[in-house]
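Spelled out, the chains give:
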Amino acid sequence: MKAQEKYRSDSWLETERLTKGAVQEDPRSRSLALGDPTAAAGAQGETDPAENILEQNLKIQFYISSGSTSPSSHSADEADPVKIVDSAHLPVHTPTIKKKEYQSSILFPTKSKSHRFFLTSFTAPTKCHQCTALMVGLIRQGCVCDACGFSCHTTCVEKAPRACPVPSQQKKGTLCLDPREGMGTAYEGHVWIPKKAGVKKGWQRALAIVCDFKLFLYNMNEEKDSKPNVVVSQVIDMRDGAFSVSSVWPSDFIPVRRKEMSRMFKVTASQLAVPGSRCSVPILADSERDKCEWVGVLSGLHKMLRKSHSRDRSVYVLQEAYDSSLPLIRTARTAAIIDHKRIALGNEEGLFVVHITIDEIIRVGVMKKVRQIELIRCGQLVAVISGRSRHVQLFPMSALDGRKADTHKLEETKGCQTMTSGTVCQGAHVCLCVARKSRVFCYELFQGKDISHRKLKELQTPARVQWMAVLSEQLCVGFQSGFLRYPLKREGVPYRMLHSQDPTLSFIAHQPEDALCAVEISSTEYLLCFSSIGIYTDSRGLRSRPAELLWPAPPTCCRYNAPYLSVYSENAVDIFDVNSMEWIQTVPLKKVRPLNREGSLNVLPLETIRLIYFKNKMTSLDGDELVFPETSDNHQKQMVRHLHSKRRYSFRAPSRVGHKDHSRTLCYVM
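Values in this document were obtained by computation on a predicted structure and should not be read as measured data.

Asks: In this structure, what is going on with the environment of Pro-494? I would like to understand it.
Replies: Considering the arrangement of structural elements, one finds Pro-494 in the loop between strand S29 (482-487) and strand S30 (495-496). Residues Pro-494 and Gln-474, spaced 20 residues apart in sequence, show a C-alpha to C-alpha distance of 9.5 Å. Those residues in contact with Pro-494 that sit more than four places away from it in its chain are Leu-484, Arg-485 and Tyr-486.

Asks: I would appreciate a short explanation of the sheet that holds strand S19 (residues 372-376) in the present structure.
Replies: Reading across the sheet, the four strands line up as S19-S20-S21-S22 and stay open at both edges, with antiparallel pairing between neighbours. At either margin of the open sheet sits one strand with a lone partner, and together these are S19 and strand S22 (408-410). For this sheet, the mean inter-axis angle between neighbouring strands, taken without regard to orientation, is 20 degrees. In this sheet, strand S20 (residues 381-386) lies alongside S19 in antiparallel orientation, the contact comprising five bridges. Within S20, the residue paired with Gln-372 across the bridge is Ile-385.

Asks: For this particular structure, what's the right way to read the sheet that holds strand S26 (residues 451-460)?
Replies: Within a sheet, adjacent strands bond to each other through the backbone by hydrogen bonds, running parallel or antiparallel. The four strands are arranged S23-S24-S25-S26 in an open sheet whose pairing can be described as antiparallel. Each of the sheet's edge strands pairs with one partner strand only, and the pair in question is strand S23 (418-424) and S26. Averaged over all pairs of adjacent strands, the angle between their axes in this sheet comes to 25 degrees, without regard to strand direction. The sheet contact formed by strand S25 (residues 439-447) and S26 spans nine bridges and is antiparallel. Within S26, the residue paired with Glu-444 across the bridge is Arg-454.

Asks: Looking at this structure, how should I read the pattern of salt bridges?
Replies: A side chain with one charge can pair with a side chain of the opposite charge if their charged atoms come near. Under the defined criterion, the tally for this structure stands at 27 salt bridges. Notably, a salt bridge pairs Asp-538 with Arg-540, separated by 2.9 Å at the nearest N-O pair.

The rules we used
- Residues numbered from 1 in each chain as written.
- Predicted model: local features only at pLDDT ≥ 70, side-chain atom pairs only at ≥ 80, totals over all residues.
- Heavy atoms only, no water.
- Helix = DSSP H or I, 4+ residues; strand = E, 2+ residues; numbered from the N terminus.
- Contact = heavy atoms within 4.5 Å.
- Pairing = 2+ DSSP bridges.
- Axes fitted to C-alpha atoms, helices over the stretch in contact; angles between N-to-C directions.
- Salt bridge = Lys/Arg side-chain N within 4 Å of Asp/Glu carboxyl O.

So, in structure tokens, the structure goes:
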């Protein structure tokens, strides 16, 4: 017990020391520094890693050079501008460099020289030597000097000490935190986290890093010398209002062995499970002493964060949009928000309108297997992809009120995969674009007594269409490793959104990258999102910003609700501000899936499947998209059909015996 108390006290002293400024690492502290090019290590018999890097430079993507030869570090105002010069076509997975090795092996000239930075793709979690923060991303995370191994973010290149190699008095430790900015790595170590199937199935080895007031968890193989992958398994933000860390007690009812209890602690946050509730992640340390240190450091950092009154940058608050016991939610494939009080849900059984404030449900038409819903508000039309043959059908928006209406099928759209709508000629004409494999059919729609259409054009894309949207009266189409913009109303050649003559973008063409979405930042700038990276280009297709958006984990899809981009992955939804390029929030929900184009309605496949709404905290009360009723998990509620209408239902508990009931219960089989 005395040893534990002493160790906890040491942790608290370390935490208190963090509050006094930018804190350097205690040389006695435990640091794994996996993937850190200047991490201490090593065997003397290994080959010189700097020589390996020089050999790799023939395949490197970019060469970033600085004109200054000053041996001292100086501010960005004094720095010479950094030039980015094109080099070869393939990115490099640079091996890590160990500080002791290259200091003992490389003979540097006595006269200081400037760094030669190369943009690099790391294969393990790597920290920036300038700010000590993690270089998060799947590829092209940062730069490495080929002479001394100094690595940093591309945004930290100008701030880096200009002398190569960096003088020892200017070097930062691997653990260094700036509490005012919230930047840097405060602590790291090995832990064990529950396997995907839960604690009952055992523990998964992980690398835990506390960086930028976030807890990053990287899965590892159980082999002794294995390194973690660059893919972030889980991120828990300490700015979460419900964040806490504590030891695990028998009263927590976590199914673990008794001997493991003393080595366990739990991290609690509000957005790990059902909205409005809290959930804890159990973590197993290697020893009781390590557990005490983790609890002390995380608690101390959280206390420091609260004292500093750090701004909460999160945008979305999660709310349950409707009762999870509604059977329609279980097989929902798509959705759309009609107005403040109504949601359209499409599933295997058809299209339904849910009035969330009065618990009334209307079935629209007789269609089955609804895959996508497109509300064309300017034309007062609704388009759906439905049926086994995946045809597009059109009907007036009045049908969403329960009125009878004829549907209009577009016959040549059979087998289509996606569609989008928009206007041309300053809103005078409504168009619908439907993609079938690598062909796109563009129609002009007319709403009169009957719905009619006219084909504007038929387009052939270079590859299968993966994403589409109408942006500024042009059709933007995404396919593997590319995007094109097609004029809709007039004839003309398409515009390449990735210019073939821009050498800084050539890496996209040399490796298959799925197109996730494109965002129109302004009339002259676009954000192109691919499966491993996001790139900013101008209207000519040339790079408009040197920095790139880097994903913490492989994305499954993207959704945009200006100005925020939601990037979905297996274990979380990461939110980016597309203007400032800041990673502002992580929603750690596993396997959550968006139902609408904006990403505001989502399905969360827990034991009880739930319909989740991402509410924007910045929106005023009058501007909220939905009015939220009180929800419950009352499994006695059923869809009860109205007596005088086959298409109207009430969602409620059946009436008690002896009470008059002018409706009948429908056995709704999903």
